[in-house]
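# Notes for the structure review
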Amino acid sequence: MTLISFVVPAYKVQGYLRECLDSILDQPFGDLEVIGVDDASPDGSGEILAEYAARDPRVRPVRLTENVGLGPARNIGLDRAVGEYVWFVDGDDWLVPGCLPHVADRLRDTRPDVLLVDHVRAHWNDVGTRSAMRDVFPEPPGPTTFALRDRPETLRLLHTAWNRLVRREFLVERGLRFEPGWYEDVSFSYPALMAADRIGVLDRVCLNYRQRRTGAITRTRGDRHFEVFAQWHRVFRLMDRWGPAVTGLRPAIFERMVWHHLTVLGNGDRIAPELRAPFFAQMHADYVRFLPPEGYPAPPGVEGLKHRLVAAGRWRTFSALREAHQAGETARRTARVARRRVAPVLRRTARLARDTAMREYYRAELRRPIDPTLAVYAAYWYRGYSCNPAAVYEAARRLAPQVRGVWIVRRDRVAALPSGVEYVVAGTREYHRVLARAHWLVNNVNFPDFVRKRPGSVHVQTHHGTPVKVMGLDQQRYPVGAMGMDFAGLLRRVDRWDYSVTSNSFSTQMWERAYPADYTTLEVGYPRNDRLVRATSEDCRRARATLGLGPEEYVVLYAPTHREHLPGWRPPFDPDRMRDALGPTGRLLMRSHYFHDRERHPRGPAAGGVLDVSAHDRVEDLYLAADVLVTDYSSAMFDYAVLDRPIVVYAPDWDAYRVARGVYFDLLAEPPGAVAVDFPGLLDVFRFGAVDDDTARRARTAFRDRFCALDDGHAAERVVRRVFLHDPAG
């Protein structure tokens, strides 16, 4: 039997349906079917369902000849479903990547009648808001199942069909179906919870609930919102029919009814002003009709006052208080808007004045002599002490002690500097002074545009990786990946370079093409890799100990690259499933790209064998600690190859990446080891030993011969001798 049947009704969702279907079919889980119900949609939704069905046998389209509405369309899909569980996913919503194996595991382990899953509201302006899951269950229930009478707070979760999976036979046995009309979820979701003997909760976000700017009934005014009353009438009729089995739930259900009516009435996008009084009158009538004899748990405060006014039928008082509240909110909102408008202007004015003063100070310092002993270092746009500049700095302290090295760092990165390293904070007077007067300026990216190349100063561009993706002027051929780039400005920055440090001949060729200018290439290997070449077993043990890892553990480092053309993109990678594939001694280190450094949240000891090491300052420590590197198109593979340890290329979007971003060589044809193009394939690489078999070792050897030949532990020394000591032999 199929485990999960997805029922996807489609009506005027052609702009979203593909994303919905892809989010289901691209999951790393295949025991599913999709019943796509074209509810006589006047747009291309039906054609999309037919297209997907033609290429994927798991999709079964149903085309209705007349529009029946969301509830009946779901029933039609339910009647055709064969899965053990049914998940009703609306055609404009979409699943979270990688969620389905977790859902399936919970279904198989606990066999609930209803499994509730978490969601986020995905607003049209790309803002997301969380659900009430954490408020309802501050302590996640875990794999335990329960009846509603034991956890009545479950009713406070959103009463929709798409945030739960329901056992199909349970629905058939209890005769639970969707009713026609708006708010059809009410008369399905609440009865399902009341009838279920086994309710489960999966505290994992599994679905994105799209908040559309237009087209949703929650943003459509009209008298059809009165249909909410009929749906609640059906709930209470079922409770009367089921009798003592659900009698104890009546107070909690009643409270939800009043809450829901107030929610609908309070939404100005739903109930027009002329309909509010009759809507309130129906609320009062239903309050009186369904009030439990023993009462119910009314909320405190303002919400409780609303309940009391509904009970008394006092519309004028309710309306007056509502208008007063809205007037107050309008005044507060106006004040906030005014503050927001004034504050940015004041901030911009102050910032402009400060920047102008600093630029004047910088220009004044340019008229002073260059300090013949001063070398300024920076890395990754002032993110701290790292990479090739740090290795050059350390070698210069040893080989050229007459050179005074000063680092530029952001204020939030000062605490991460090693003891004894002299620094200035970016943006300060001291920062502008050292930039104006330095003899040497060493960076792995470009200094800001305002920096001038003074006669007698020496600019050293160390770069920060062997390129897989195209760079510099080559990006002009890939406009998607080069969006917003100022190529003329780039060339002005490149013209400041005196030296370009490269790690291999391949990099030299690519940089000369990408950054054409009159600089000298120092093809000497990467200084940052000297430490890897010289590392001893004791260094590796110490690196592991720093991370809380033992010598017997099997450590895998996952380090994906950033995708400039896809802001916010996250690879389809499930840490928990990956950790399981590594075996009992496996440990997984997760490291995000440095572009996300402000989002990093250091974690404590590895939870379940997974440790977030994104905040770890020196990536070389992580290389030394790891037994295997898993990456995609990151230059990390070229550095890690120096250690001659297994590398796995996980390239789930290779075809799209090389088309949109552009690449310099076919990584899948010339990999540094095993290759996986989807997550199940990545798991198999580890499960079946391909991570370090003969094929992987041969690929790694060829890769090292091509890209790592210069990494002998003396690259930083060669840079220092050539740049600081003027030794032409380096």
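Just above sits the structure.
The notes below deal with the structure included here.

Thresholds applied
- All residue numbers refer to position in the chain's written sequence, counted from 1.
- Local features are withheld for residues below a pLDDT of 70 in this predicted model, meaning they are given only at 70 or higher, and side-chain atom pairs are given and counted only at 80 or more; totals for whole chains, interfaces and linings count all residues.
- In computing side-chain properties, one takes all heavy atoms of the structure into account and sets aside hydrogens as well as water.
- The buried label goes to any residue with under 20% of its type's maximum accessible area, the exposed label to any with over 50%, and the partly exposed label to all in between, with areas taken from a 1.4 Å probe on protein chains only.
- Secondary structure elements follow DSSP: runs of H or I no shorter than four residues count as helices, runs of E no shorter than two count as strands, and numbering proceeds from the N terminus.
- Note on pairing: two strands pair once DSSP finds at least 2 bridges between them.
- Axes here mean lines fitted to C-alpha atoms, for a helix over just the part in contact, with angles spanning 0 to 180 degrees between N-to-C directions.
- The contact rule is simple, with two residues in contact once any of their heavy atoms fall within 4.5 Å.
- Salt bridges are defined by distance alone: a side-chain nitrogen of Lys or Arg within 4 Å of a carboxyl oxygen of Asp or Glu.
- Note on aromatic contacts: the rings of Phe and Tyr and the six-membered ring of Trp form a pair at centre separations within 6.5 Å, being stacked when their planes are under 30 degrees apart, edge-to-face when over 60 apart, and tilted otherwise.
- Put simply, a charge is over a ring when the Lys NZ or the Arg CZ is close to the ring centre, within 6 Å, and near the line of the ring normal, within 35 degrees.
- We call two directions roughly parallel when the angle between them is under 35 degrees, roughly antiparallel when it is over 145, roughly perpendicular when it lies between 65 and 115, and oblique otherwise.
- Each residue gets one of three labels, nonpolar for Ala, Val, Leu, Ile, Met, Phe, Trp, Tyr, Cys and Pro, charged for Asp, Glu, Lys and Arg, and polar for the others, Gly among them.
- Expected span of a helix, by definition, is 1.5 Å for each gap between consecutive residues, and there is one gap fewer than residues.
- What the arc covers is the set of directions going from the helix axis to the C-beta atoms.
- Any N or O atom pair separated by 3.5 Å or less is treated as a polar contact, with the protein-specific requirement of one donor-capable and one acceptor-capable atom, and with residues adjacent in sequence counted only for side-chain atom pairs.

Along strand E20 (residues 628–631), one buried face is formed by Val628 and Val630 and the opposite face, lined by Leu629 and Thr631, is buried too. The pairing of E20 with strand E21 (residues 647–650) spans 3 bridges and is classified as parallel. Bridging across to E21, Leu629 finds its partner in Ile647.

Once that is clear, we can look at the sheet that holds strand E11 (residues 404–409). Across the sheet, which stays open at both edges, the 7 strands sit in the order E12-E11-E10-E13-E14-E15-E16 with parallel pairing between neighbours. Each having just a single partner strand, strand E12 (423–425) and strand E16 (520–523) make up the two edges of the open sheet. Looking at each pair of strands side by side, their axes are set apart by 25° on average, direction ignored. Pairing of E11 with E12 involves 3 bridges; the strand directions are parallel. The residue bridging Val409 from the neighbouring strand is Val425, located in E12. In the packing of helix H14 (residues 387–399) onto the sheet, contacts are made with strand E10 (371–378), E11 and strand E13 (438–443), and the angle to E10 comes to roughly 145°.

The subject of this paragraph is the pattern of salt bridges. Using the criterion set out here, one finds 52 salt bridges in the structure. With a shortest N-O distance of 2.8 Å, Glu51 and Arg18 are connected by a salt bridge. Note that Glu51 is positioned in helix H2 (residues 45–55) and Arg18 in helix H1 (residues 17–25), a separation of 33 residues in sequence. Take Glu51: its relative accessible area is 31%, and that puts it in the partly exposed class. The class of Arg18 is partly exposed, set by a relative accessible area of 35%. Measuring nitrogen to oxygen at the nearest pair gives 3.9 Å for the salt bridge that ties Arg168 to Glu169. Look at Arg168 and you get buried, because its relative accessible area is 16%. Look at Glu169 and you get partly exposed, because its relative accessible area is 38%. One salt-bridge network, in which partners are shared between bridges, spans Asp644, Asp692, Asp694, Arg697, Arg700 and Arg704.

Now for the sheet that holds strand E19 (residues 610–612). The strand order across the open sheet built from 6 strands is E19-E18-E17-E20-E21-E22, with neighbouring strands paired in parallel fashion. Looking at which strands have only one partner, the edges of the open sheet turn out to be E19 and strand E22 (674–676). Each neighbouring strand pair of the sheet contributes to a mean axis angle of 20°, computed without reference to strand direction. Pairing geometry for strand E17 (residues 554–558) and strand E18 (residues 586–590), over 5 bridges, is parallel.

So, about unusual backbone geometry. Phi at Ala40 takes a positive value of approximately 50°, unusual for a residue other than glycine. Residue position: Ala40 is located in the loop between strand E2 (32–38) and H2. Of the residues examined, Ala40 reaches a relative accessible area of 24% and is grouped as partly exposed. Here the phi dihedral of His463 falls at roughly 60°; this positive angle occurs in a residue that is not glycine. Topologically, His463 is positioned in the loop between strand E14 (458–461) and helix H16 (487–494).

Per the stated rule, a full pass over the model turns up 43 aromatic pairs. Centre to centre, the rings of Phe178 and Phe188 are 3.9 Å apart; their planes meet at 15°, and the pair counts as stacked. Of the two residues, Phe178 is situated in the loop between helix H6 (168–174) and helix H7 (186–195) and Phe188 in helix H7; the sequence distance between them amounts to 10 residues. Residue classification places Phe188 among the buried residues on the basis of a relative accessible area of 0%. Centroid distance Tyr431 to Phe450: 6.3 Å. Interplanar angle 75°. Geometry classified as edge-to-face. A residue pair is termed long-range when its members are at least 10 positions apart, and Tyr431 in helix H15 (residues 429–437) and Phe450 in the loop between E13 and E14 qualify at 19 residues. Of the residues examined, Phe450 reaches a relative accessible area of 15% and is grouped as buried. An aromatic cluster is defined as three or more aromatic residues linked by ring pairs; in this entry it consists of Phe506, Phe638, Phe665, Phe703 and Phe707. It is Arg55 that lies over the ring of Tyr52; its NZ or CZ is 4.1 Å from the centre. Residue placement shows Arg174 over the ring face of Trp242; its charged tip is 5.0 Å from the ring centre.

Contact pair helix H8 (residues 227–242) / helix H10 (residues 250–266): the axes reach a minimum separation of 11 Å and the direction vectors enclose 175°. One element, H8, and the other, H10, form an angle in the roughly antiparallel class. Counted together, Val228, Phe229, Trp232, Val235, Phe236, Met239 and Asp240 of H8 and Arg250, Ile253, Phe254, Arg256, Met257, His260 and His261 of H10 form the full contact between these two elements. Within the contact of H8 with H10, the residues separate by chemical class into 9 nonpolar, 2 polar and 3 charged.

Attention now moves to helix H25 (residues 694–707). With 14 residues, H25 should cover 20 Å at 1.5 Å per step; its first-to-last C-alpha distance of 20 Å lies within 8% of that length. Regarding H25, the residues found buried are Ala696, Ala699, Arg700, Phe703 and Phe707. Buried residues of H25, seen end-on, are gathered within an arc of 100° and therefore sit on one face of the element. In H25, those exposed residues whose orientation departs by more than 90 degrees from the buried face are Arg698 and Asp705. Close packing links the buried residues of H25 with helix H17 (505–514), helix H22 (636–640) and E22. The opening residue of H25 is Asp693, an N-cap whose side-chain oxygen sits 3.2 Å from the backbone nitrogen of Thr695.

It is worth spelling out the packing of H10 against helix H12 (residues 301–312) at this point. Following both chains from N to C, one finds H10 and H12 inclined at 95°, their axes separated by 11 Å at the closest point. Between H10 and H12, the crossing angle belongs to the class labelled roughly perpendicular. Touching Glu255, Val258, Trp259 and Leu262 of H10 are Lys306, His307 and Val310, all from H12. Looking at the contact of H10 with H12, its residues break down into 4 nonpolar, 1 polar and 2 charged.

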